[in-house]
Amino acid sequence: MKDSFAQDVLNGLTAKNKYVSSKYFYDDNGSRIFQEIMNMPEYYPTDAEFEILSMQSKQIFEALQFSGPFNIVELGAGDGFKTYKLLEYLVNNAIDFHYIPIDISREAVDILTRNLKDRLPTLKIHPKVGDYFEILKDNKVSDYPSLLLFLGGNIGNYSEEKAKELLDLFNDNMKLGDKLLIGVDLKKNPIIIHNAYYDRHGITKRFNLNLLIRINRELDADFKIDDFDFYCHYNPISGDVKSYIVSLRKQTVEIKALKKVFEFDYNELIWTELSKKYSLTEIEKLADNSNFEVNTNFLDCKHYFTDSLWEK
């Protein structure tokens, strides 16, 4: 993992327009900061998706139309806060299933497992730590049908091309009749989206700057964190939120693990994240392009967000 991190940082910081992949946000500290983001009143996706999974668990289960035991494979499970309501409904109704949460953060998986064992002692849980691209391969040989969960609007972090690659990978590792419940943030009033991502509390800024702290720690670099700031921008036509780290002065940074010094110009940007918002029509197109069929769009009451159920 460290070697790929080093290589990706090298590729990103030597590019004409510098970038660092958002997948590196989620070290243990980054995961903790993201919990803070999800607790902000302005950050609507958490509440919207929680409402869907709390109020519509029965409808989601009925739409699966699984006749016997099945797997729930959650990709990027985090703290499992939202998923808990779905799991609780299934356990309380004596529905036979196995829950397989996957996350890259060992700390997140350990906390999730401990909490779920306390709150749902009869839950059959099989946690996995690592890259879900690798772990997902086991799904295809399972005797049970599977529901893959890809929640939280994470599909929005991928460009159109990369989203198709990811969804093709999901499809390739699913059996005919398996389902995918995918969280998708919807286009809405641009002010609501702006306030969620350019937050006045400065938590999203800390989340982004933690990337530099991680590079300092893991790759023996000397980023001076106070010499960088955070900016993001929402384009309501394309649906793209783009986040950046901004160099506040002309400076050099040495990354010893890469044996290289990087130059940053005054106000130079490092692109860190894309967070795309979709219309329902665009969701249909996304599914169709990846050989899925949309079964049902489960919406929150404000129509800010959908958990969209797709079938292979």
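Read on for an overview of the structure.

### A word on helix α8 (residues 160–172)
Inference 1: Between its first and last C-alpha, α8 extends 18 Å over 13 residues, near the 18 Å set by a 1.5 Å rise per residue.
Inference 2: Those residues of α8 lying buried are A163, L166, L167, F170 and N171. On an axial view of α8, the arc spanned by its buried residues comes to 140°, and they lie on one face.
Inference 3: On its buried side, α8 packs onto β1 (70–75), α7 (132–135), β4 (146–150), β5 (179–185), α11 (280–289) and β12 (305–311).

### Quick word on the layout of surface pockets
Inference 1: Reported here for the second largest pocket is a volume of approximately 270 Å³.
Inference 2: Looking at the second largest pocket, it is lined by 14 residues, and the ones nearest its centre are E160, K276, Y278, K285 and L286.
Inference 3: Counting residues per element, the lining of the second largest pocket draws most heavily on α11, which supplies four residues.
Inference 4: Per-class residue counts for the lining of the second largest pocket are four nonpolar, three polar and seven charged.

### A look at the packing of aromatic side chains
Inference 1: Within the structure shown, the criterion is met by 19 aromatic pairs.
Inference 2: Plain terms: the ring middles of F66 and F70 are 5.2 Å apart, the flat faces sit at 50° to each other, and that makes the pair tilted. The residues F66 and F70 share a single accessibility class, namely buried.
Inference 3: The side chain of R214 reaches across the aromatic face of F5, ending 4.6 Å from its centre.

### Examining unusual backbone geometry
Inference 1: A positive phi angle, near 55°, is found at D220, a position not held by glycine.
Inference 2: By the secondary structure assignment, D220 is in the loop between α10 (203–219) and β6 (228–235).
Inference 3: Non-glycine residue K259 carries a positive phi angle of around 55°.
Inference 4: Along the chain, K259 turns up in the loop between β8 (251–255) and β9 (260–264).

### A closer look at the sheet that holds β5
Inference 1: Read across the sheet, seven strands follow the order β3-β2-β1-β4-β5-β12-β11 without closing on themselves; strand pairing throughout is mixed. For this open sheet the edge positions go to β3 (128–129) and β11 (293–299), each flanked by a neighbour on one side alone.
Inference 2: Bridging between strand β2 (residues 97–103) and β3 involves two bridges; their strand directions are parallel. From the neighbouring strand, I102 faces β3, where its bridge partner is K128.
Inference 3: Taken strand by strand, helix α5 (residues 83–92) contacts β1, β2 and β4, and its axis lies near 165° from that of β2.

### A look at empty space enclosed by the protein
Inference 1: Evaluated as defined, the whole model comprises one cavity of 30 Å³ or more.
Inference 2: Each pocket or cavity is described by its volume, and for the largest cavity that value is around 30 Å³.
Inference 3: I193, H194, Y197, C232, H233, Y234 and V241 are the residues that line the largest cavity.
Inference 4: At the level of secondary structure, the elements contributing two or more residues to the lining of the largest cavity comprise α9 (190–197) and β6.
Inference 5: A per-class count over the lining of the largest cavity returns five nonpolar, two polar and no charged.

### With respect to the environment of S238
Inference 1: Tracing the sequence through the fold places S238 in the loop between β6 and β7 (240–247).
Inference 2: Using a relative accessible area of 25% as the deciding quantity, one classes S238 as partly exposed.
Inference 3: Sequence spacing of S238 and Y278 is 40 residues, and the spatial spacing of their C-alpha atoms is 8.6 Å.
Inference 4: Among all residues touching S238, those that are not within four sequence positions of it are K187, K276 and K277.
Inference 5: Within the structure, S238 has its side chain in polar contact with the backbone nitrogen of D240 (distance 3.2 Å).

### A word on the nonpolar core
Grouped burial of nonpolar side chains is what soluble globular proteins tend to show.
Inference 1: Grouped together as the largest cluster of nonpolar side chains are 70 residues, with contacts concentrated most on Y99, F223 and I255.
Inference 2: With seven residues, α10 is the single largest residue contributor to this core.
Inference 3: Counting 27 residues, the second-largest nonpolar core is a separate cluster that includes V73, I102, Y132 and W310.

Calculation rules
Residues numbered from 1 in each chain as written. Predicted model: local features only at pLDDT ≥ 70, side-chain atom pairs only at ≥ 80, totals over all residues. Heavy atoms only, no water. Helix = DSSP H or I, 4+ residues; strand = E, 2+ residues; numbered from the N terminus. Expected span 1.5 Å × (residues − 1). Buried < 20%, exposed > 50% of the residue type's maximum accessible area, 1.4 Å probe, protein only. Arc of directions from axis to C-beta. Contact = heavy atoms within 4.5 Å. 1 Å grid on protein atoms, 1.4 Å probe; cavity = no way out; pocket = protein on both sides within 12 Å on 5 of 7 lines; lining within 4 Å. Points joined across faces, edges and corners; volume = space filled by probe spheres on them. Nonpolar A, V, L, I, M, F, W, Y, C, P; charged D, E, K, R; others polar. Phe/Tyr/Trp six-rings, centres within 6.5 Å; stacked < 30°, edge-to-face > 60°. Lys NZ or Arg CZ within 6 Å of the ring centre and 35° of its normal. Pairing = 2+ DSSP bridges. Axes fitted to C-alpha atoms, helices over the stretch in contact; angles between N-to-C directions. Polar contact = N/O pair within 3.5 Å; in protein donor to acceptor, adjacent residues only side chain to side chain. Core = buried A, V, L, I, M, F, W, Y, C linked by side-chain atoms within 4.5 Å.

What is shown is where atoms sit, not what they do.
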